[in-house]
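# Topology and contacts: notes
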Amino acid sequence: MPQPIPITDHQRRWLKKQAHHLKPIVQLGAAGLSDAVLAEIELALDHHELVKVKVPGGDHDERDGIVTAIAERANADLVQRIGNTACYFRANPERRDRILLPL
(Lines give C-alpha, C1' and ligand atoms only; values in the text may rest on other atoms or scores of the structure.)
Protein backbone atom coordinates (compact mmCIF):
# COMPACT_ATOMS: atom_id res chain seq x y z
CA MET A 1 0.00 0.00 0.00
CA PRO A 2 1.47 3.42 -0.91
CA GLN A 3 2.43 5.79 1.87
CA PRO A 4 -0.23 8.50 2.35
CA ILE A 5 0.63 12.16 2.01
CA PRO A 6 1.16 13.45 5.57
CA ILE A 7 -1.55 15.73 6.88
CA THR A 8 -0.68 19.33 7.68
CA ASP A 9 -0.98 20.94 11.13
CA HIS A 10 -4.08 22.83 9.93
CA GLN A 11 -5.68 19.57 8.78
CA ARG A 12 -4.70 17.85 12.04
CA ARG A 13 -6.45 20.60 14.07
CA TRP A 14 -9.54 20.27 11.87
CA LEU A 15 -9.55 16.47 12.29
CA LYS A 16 -9.25 16.84 16.08
CA LYS A 17 -12.46 18.89 16.04
CA GLN A 18 -14.19 16.25 13.91
CA ALA A 19 -13.05 13.43 16.21
CA HIS A 20 -13.99 15.14 19.46
CA HIS A 21 -17.48 13.61 19.65
CA LEU A 22 -16.46 10.12 18.44
CA LYS A 23 -16.43 7.09 20.72
CA PRO A 24 -13.60 4.54 20.47
CA ILE A 25 -14.49 1.99 17.78
CA VAL A 26 -11.79 -0.54 18.66
CA GLN A 27 -10.51 -1.38 22.13
CA LEU A 28 -7.33 -3.39 22.58
CA GLY A 29 -7.39 -6.07 25.25
CA ALA A 30 -4.70 -7.51 27.47
CA ALA A 31 -3.20 -9.37 24.48
CA GLY A 32 -2.26 -6.02 22.92
CA LEU A 33 -1.96 -5.45 19.20
CA SER A 34 -2.75 -8.77 17.54
CA ASP A 35 -3.31 -9.37 13.83
CA ALA A 36 -7.06 -9.71 14.47
CA VAL A 37 -7.22 -6.35 16.24
CA LEU A 38 -5.19 -4.72 13.48
CA ALA A 39 -7.60 -6.18 10.91
CA GLU A 40 -10.52 -4.58 12.81
CA ILE A 41 -8.71 -1.23 12.86
CA GLU A 42 -8.07 -1.52 9.10
CA LEU A 43 -11.76 -2.28 8.53
CA ALA A 44 -12.83 0.67 10.69
CA LEU A 45 -10.45 3.02 8.83
CA ASP A 46 -11.78 1.83 5.46
CA HIS A 47 -15.35 2.41 6.57
CA HIS A 48 -15.03 5.60 8.67
CA GLU A 49 -11.65 7.15 7.69
CA LEU A 50 -11.43 8.79 11.15
CA VAL A 51 -11.43 6.44 14.15
CA LYS A 52 -10.60 6.37 17.84
CA VAL A 53 -8.83 3.39 19.36
CA LYS A 54 -8.58 2.68 23.07
CA VAL A 55 -5.20 1.24 24.11
CA PRO A 56 -4.87 -0.66 27.41
CA GLY A 57 -3.40 1.18 30.39
CA GLY A 58 -0.10 0.28 31.91
CA ASP A 59 3.42 1.29 31.03
CA HIS A 60 3.59 4.66 29.25
CA ASP A 61 6.39 3.56 26.91
CA GLU A 62 4.49 0.41 25.97
CA ARG A 63 1.38 2.47 25.11
CA ASP A 64 3.51 4.82 23.00
CA GLY A 65 4.91 1.83 21.13
CA ILE A 66 1.44 0.40 20.46
CA VAL A 67 0.05 3.76 19.29
CA THR A 68 2.99 4.22 16.90
CA ALA A 69 2.79 0.62 15.67
CA ILE A 70 -0.90 1.01 14.81
CA ALA A 71 -0.17 4.12 12.74
CA GLU A 72 2.68 2.42 10.89
CA ARG A 73 1.02 -0.96 10.31
CA ALA A 74 -2.36 0.54 9.34
CA ASN A 75 -0.67 3.14 7.13
CA ALA A 76 -2.63 5.89 8.90
CA ASP A 77 -1.90 9.31 10.35
CA LEU A 78 -1.97 9.69 14.12
CA VAL A 79 -4.20 12.72 14.64
CA GLN A 80 -4.14 12.89 18.42
CA ARG A 81 -3.45 10.88 21.52
CA ILE A 82 -4.96 11.70 24.88
CA GLY A 83 -4.24 9.23 27.67
CA ASN A 84 -5.26 5.75 26.55
CA THR A 85 -7.16 6.92 23.46
CA ALA A 86 -5.60 7.57 20.06
CA CYS A 87 -7.28 8.97 16.97
CA TYR A 88 -6.23 7.92 13.46
CA PHE A 89 -7.06 9.13 9.96
CA ARG A 90 -6.62 7.36 6.65
CA ALA A 91 -8.31 8.65 3.52
CA ASN A 92 -10.35 6.16 1.50
CA PRO A 93 -10.81 7.41 -2.08
CA GLU A 94 -13.41 4.68 -2.74
CA ARG A 95 -15.71 5.82 0.06
CA ARG A 96 -18.82 7.61 -1.15
CA ASP A 97 -19.04 10.14 1.72
CA ARG A 98 -15.34 10.93 2.03
CA ILE A 99 -13.91 13.26 4.61
CA LEU A 100 -12.68 16.24 2.61
CA LEU A 101 -9.72 17.83 4.37
CA PRO A 102 -9.29 21.61 4.27
CA LEU A 103 -6.32 22.90 2.31
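Quantities reported herein were computed from a predicted structural model and do not represent experimental measurements. (Residues numbered from 1 in each chain as written. Predicted model: local features only at pLDDT ≥ 70, side-chain atom pairs only at ≥ 80, totals over all residues. Heavy atoms only, no water.)

### What to know about the pattern of salt bridges
Heads up, the condition is: Should a side-chain nitrogen of Lys or Arg be within 4 Å of a carboxyl oxygen of Asp or Glu, the pair is scored as a salt bridge. Numbering of helices and strands runs from the N terminus, with a helix taken as a DSSP run of H or I at least four residues long and a strand as a DSSP run of E at least two residues long. Whether a residue is buried, partly exposed or exposed follows from its accessible area with a 1.4 Å probe, protein chains only, as a fraction of its type maximum: under 20%, in between, or over 50%, in that order.
The full count for this structure, using the stated rule, is four salt bridges. Close ionic contact of Glu42 with Arg90 constitutes a salt bridge, the shortest N to O distance being 2.8 Å. Taken together, the residues Glu42 in helix H2 (residues 35-48) and Arg90 in the segment after strand S4 (85-89) connect sequence positions 48 residues apart. Glu42 sits in the partly exposed class, given a relative accessible area of 22%. Among the charged side chains, a network of salt bridges with common partners joins Glu42, Asp46 and Arg90.

### A closer look at the nonpolar core
Buried together is how nonpolar side chains tend to be arranged in soluble globular proteins. Going by this rule: Among buried residues, those of type Ala, Val, Leu, Ile, Met, Phe, Trp, Tyr and Cys that are joined through side-chain atoms within 4.5 Å constitute a nonpolar core. It only takes one pair of heavy atoms within 4.5 Å for two residues to be counted as in contact.
Ranked by internal contacts, the top residues of the largest apolar core, which has 19 residues, are Leu28, Leu33, Ile41, Leu45, Val53, Ile70 and Tyr88. Residue assignment for this core shows that the elements contributing at least two residues are H2, strand S2 (50-54), helix H3 (60-73) and S4. With five residues, the top contributor of residues to this core is H2. In contact with Ile70, other than residues within four places in its own chain, are Leu28, Leu33, Ile41, Val53, Asn75 and Tyr88. Counting eight residues, the second-largest nonpolar core is a separate cluster that includes Ile7, Leu50, Cys87 and Ile99.

### Re the sheet that holds S2
So the rule is basically this: Whether two strands pair depends on DSSP finding at least two bridges between them. As a rule, the C-alpha atoms of each element are fitted with a line to give its axis, helices using only the stretch in contact, and angles between N-to-C directions run from 0 to 180 degrees.
Pairing in this open sheet of four strands is mixed, and the strands run S1-S2-S4-S3 from one edge to the other. Edge positions in the sheet fall to strand S1 (26-27) and strand S3 (77-82), since each has one partner strand and no second. Sheet topology places S3 next to S4; five bridges connect them, and they run antiparallel. Opposite Leu78, over in S4, you have Tyr88 as the bridge partner. Packed on one face of the sheet, helix H1 (residues 9-19) meets S2, S3 and S4 and runs near 55 degrees to S3. Helix-sheet contacts for H3 involve S2, S3 and S4, and the interaxial angle to S3 is about 155 degrees.

### Side note on the environment of Asp9
Its place among the elements puts Asp9 in helix H1. Sequence separation between Asp9 and Val79 is 70 residues, and the spatial gap between their C-alpha atoms is 9.5 Å.

### Section: unusual backbone geometry
Working note: non-glycine residues mostly have negative phi, and peptide bonds are mostly trans. Phi is positive for Glu49, close to 70 degrees, though the residue is something other than glycine. Following the sequence through the fold, Glu49 ends up in the loop between H2 and S2. Unusually for a residue other than glycine, Asn75 sits at a positive phi of about 55 degrees. Secondary-structure assignment places Asn75 in the loop between H3 and S3.

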